[in-house]
Amino acid sequence: MGLEEYRDSSQSVQKQTHITMANPDHPDNEPTYASEEVMRNHFQAANAVQDSQVNRRQIVGDFLVAVERELHNEESEAVREFLMDLQE
């Protein structure tokens, strides 16, 4: 799976500087960006990181920098390097 799988095809002009992982089990929530199962996995992962000692802003920020580098340079190995750094 490559970055192409994550391209947003919506034409929304509004940009946000935060990401919210909605609880898929909440009665007012409807799946908006993915299937209910994918959203549940994302929500559970977000909760697990939140409950850990990991600085979630730092890890998400570093990941987004790697993705941005990949988007602007197809030859980049930034995401792979980010993931390898996590394994050290």
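One can find the structure itself at the top, above this paragraph.
Reading the values: rules and limits
- Residues numbered from 1 in each chain as written.
- Predicted model: local features only at pLDDT ≥ 70, side-chain atom pairs only at ≥ 80, totals over all residues.
- Heavy atoms only, no water.
- Helix = DSSP H or I, 4+ residues; strand = E, 2+ residues; numbered from the N terminus.
- Buried < 20%, exposed > 50% of the residue type's maximum accessible area, 1.4 Å probe, protein only.
- Contact = heavy atoms within 4.5 Å.
- Expected span 1.5 Å × (residues − 1).
- Arc of directions from axis to C-beta.
- Polar contact = N/O pair within 3.5 Å; in protein donor to acceptor, adjacent residues only side chain to side chain.
- Patch = residues over 30% accessible without salt bridge, like charges linked within 9 Å, V, L, I, M, F, W, Y side chains within 5 Å.
- Areas by Shrake-Rupley, 256 points an atom, 1.4 Å probe, with all protein chains shown as cover.
- Salt bridge = Lys/Arg side-chain N within 4 Å of Asp/Glu carboxyl O.

1. Focus: the overall build of the protein chain
Logical step 1: In terms of regular secondary structure, the protein chain is built from three helices and zero strands.
Logical step 2: Tracing the protein chain from N to C terminus, the helices and strands come up as α-α-α.
Logical step 3: Looking at the protein chain as a whole, 11% of its 88 residues qualify as buried.
Logical step 4: Summarising the internal contacts of the protein chain: among those between residues at least 6 apart in sequence, 15% fall at separations of at least 24.

2. Focus: helix H2 (residues 56–72)
Logical step 1: Taking 1.5 Å per residue, 17 residues should reach 24 Å; H2 reaches 24 Å between its end C-alpha atoms and fits that length.
Logical step 2: Buried within H2 are the following residues: Ala66, Val67 and Glu70. Buried residues of H2 fall within an arc of 100 degrees about the axis and therefore sit on the same side. Away from its buried face, by an angle of more than 90 degrees, H2 presents the exposed residues Arg57, Arg69 and His72.
Logical step 3: Close packing links the buried residues of H2 with helix H3 (78–87).
Logical step 4: The backbone nitrogen of Arg57 has a side-chain oxygen 3.2 Å away, supplied by the residue at the start of H2, namely Asn55.

3. A short note on a nonpolar patch on the surface
Logical step 1: On the surface, a cluster of nonpolar side chains totalling about 380 Å² of accessible area is made up of Ile19, Met21, Tyr33 and Val38.
Logical step 2: Summarising the element assignment, Met21 is placed in the segment before helix H1 (36–50).
Logical step 3: With relative accessibility at 31%, the residue Met21 sits in the partly exposed group.

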